[in-house]
Amino acid sequence: MRCTSAKLADAPPIRRVAYVHHHFGAINSTMVAAAELLQESWAANHEAQDSARRPALMVTATEQSHGRGTHGRTWLSPVGNVYLTIAVSALDIPQWLRPVLPLAMGCAVRDAVQRFLEAQGAVTRVSMPPCVASTAVGDGAFAPCAKSQPATCAQIKLKWPNDLLVDGRKLGGMIIESCTSDGGRGANGSNRPGGPNQAFLIGVGVNVSHPRKDDCNSPMSFGASVIHADGGQGRPPTSLAQWWPRDEAAPSDEAALSLAKNITEAVLDEFAGEASTVDPQGIRRSAVVRRFADHADWDCLVYRRRDGTDRGRGPAVRPQRLTEWGHLVVVDPQTGVEEELCADYLL
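Residues numbered from 1 in each chain as written. Predicted model: local features only at pLDDT ≥ 70, side-chain atom pairs only at ≥ 80, totals over all residues. Heavy atoms only, no water.

**Q** Lay out the overall build of the chain in plain terms, naming residues and giving numbers.
**A** Helices and strands together make up the secondary structure of the chain, namely 4 helices and 17 strands. Counting the 347 residues in the chain, one finds 54% classified as buried. A sequence separation of at least 24 residues applies to 68% of the contacts in the chain between residues at least 6 apart. By element, 51% of the accessible surface of the chain is carried by carbon and sulfur atoms, the whole surface being about 15200 Å². (Helix = DSSP H or I, 4+ residues; strand = E, 2+ residues; numbered from the N terminus. Buried < 20%, exposed > 50% of the residue type's maximum accessible area, 1.4 Å probe, protein only. Contact = heavy atoms within 4.5 Å. Areas by Shrake-Rupley, 256 points an atom, 1.4 Å probe, with all protein chains shown as cover.)

Given below as structure tokens:
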């Protein structure tokens, strides 16, 4: 079952990309559905060359049977969470933003989820360590520095490059792929889309109702954004339900859909303005990197994936700083040796 609605957002100070919402009940994957909808749109409008005739797509599902994660992993996706893919024309994404697109999307999603929690009065229940802000350390890099934490300091943190954390537990995750009219796909836009029949697929999963608190020690509940189907070892999960105010009812399916819409609009706001905007001195790119650094969890150890999988953790490393291009510099706590990571996915 699918219902479709179109929305052109109220005119903000800078233009927001319009979007069409497609909602499904039970499907295999919102990423697959979004790619198929794009192909249908391109086939029906093959003569169009103007991205203004191609609104973004917001694709949501109540549940997924084959939700996709990084490295092609499959996730169990029960009713009650956010399962979302946003498809955006490559013409709507400035060239300067593409190298740091995962960081910008992480910030947008994090901000939308944080605002959602704050609206429920959930923030004050969370006990957190002192807040961290970034400071420039030379050569365009940004490193954490402690600052005093106000009562409403952000509780949701980012783990490079694509995860949401609360108290070190995984609340959600993102995946970015590119899609072309000939069916080609690439992780993080690796096939360099740039024409009217090329787009980015931004997949987002957020644990809203699941896992429940009594699920958190289950071997089936480890994973990003949703439950990992093959039981691979990852980071312990959490959900918004675990931080909900005690005197409020648990978040509903309608709440998950409302959050998905908030996330979509926050993501599309990142592309507001003219796509031809340039950034010759890297000022805008630097602002994205600093913003991510401000919300990153710099305290938790992260782990390399053994043989590129979740089957057992590899060596632990500690995040140190971000380079001007958004690469993560980590240090081996045993040897003190630093290394720059640009495309690794960490546990």
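**Q** Now, about the packing of aromatic side chains: what can you tell me, with residues and values included?
**A** Applying the stated criterion across every chain yields a total of 0 aromatic pairs. A cation over a ring is seen here: Arg285 above Trp325, with NZ or CZ 3.7 Å from the ring centre. (Phe/Tyr/Trp six-rings, centres within 6.5 Å; stacked < 30°, edge-to-face > 60°. Lys NZ or Arg CZ within 6 Å of the ring centre and 35° of its normal.)

**Q** Describe empty space enclosed by the protein, listing the residues and the values that go with them.
**A** Within this structure, the stated rule accounts for 3 cavities of 30 Å³ or more. When its volume is computed, the second largest cavity comes out at roughly 80 Å³. Of all the secondary-structure elements, those providing two or more residues to the lining of the second largest cavity are strand S8 (157-159) and strand S15 (313-322). Along the lines of polarity and charge, the residues of the lining of the second largest cavity split into 10 nonpolar, no polar and 2 charged. (1 Å grid on protein atoms, 1.4 Å probe; cavity = no way out; pocket = protein on both sides within 12 Å on 5 of 7 lines; lining within 4 Å. Points joined across faces, edges and corners; volume = space filled by probe spheres on them. Nonpolar A, V, L, I, M, F, W, Y, C, P; charged D, E, K, R; others polar.)

**Q** Outline the pattern of salt bridges, listing residues and values.
**A** Per the counting criterion, the structure on display carries 7 salt bridges. Ionic pairing is found between Arg110 and Asp111, a salt bridge with its closest N-O pair at 2.8 Å. Comparing Arg110 with Asp111, the two get one shared label, buried. With a shortest N-O distance of 2.9 Å, Arg321 and Glu338 are connected by a salt bridge. Here Glu338 lies in strand S17 (residues 338-341) and Arg321 lies in strand S15, a separation of 17 residues in the sequence. Residue class for Glu338 comes out partly exposed when judged on its relative accessible area of 41%. Within this structure, Arg110, Asp111, Glu270 and Arg291 form a network of salt bridges that share partners. (Salt bridge = Lys/Arg side-chain N within 4 Å of Asp/Glu carboxyl O.)

**Q** Which residues make up the pairing of strand S12 (residues 198-206), and what are the values?
**A** Taking burial as the measure, the 9 residues of S12 include 8 buried ones, the bulk of the element. Bridge count between strand S5 (residues 82-89) and S12: 8 bridges; the pairing is antiparallel. Bridging across to S12, Leu84 finds its partner in Val204. Of the pairings in the sheet, the one linking strand S10 (residues 169-180) to S12 comprises 9 bridges and is antiparallel in character. Among the inter-strand pairings, Thr180 is bridged to a residue of S12, identified as Gln198. (Pairing = 2+ DSSP bridges.)

**Q** Hey, could you go over unusual backbone geometry for me, with residue numbers and the actual values?
**A** Following Trp160, the chain continues into Pro161 via a peptide bond in cis, with omega recorded as 0 degrees. Considering the arrangement of structural elements, one finds Pro161 in the loop between S8 and strand S9 (163-166). A positive phi angle is found at Asp167, which is not glycine, with a value near 50 degrees.

**Q** Before we move on, can you summarise helix H1 (residues 30-44) with the specific residues and values?
**A** For H1, with 15 residues, the first-to-last C-alpha span of 21 Å sits near the 21 Å given by 1.5 Å per residue. One side-chain oxygen of the residue at the start of H1 lies 3.1 Å from the amide nitrogen of Met31, identifying that residue as Ser29. (Expected span 1.5 Å × (residues − 1). Polar contact = N/O pair within 3.5 Å; in protein donor to acceptor, adjacent residues only side chain to side chain.)

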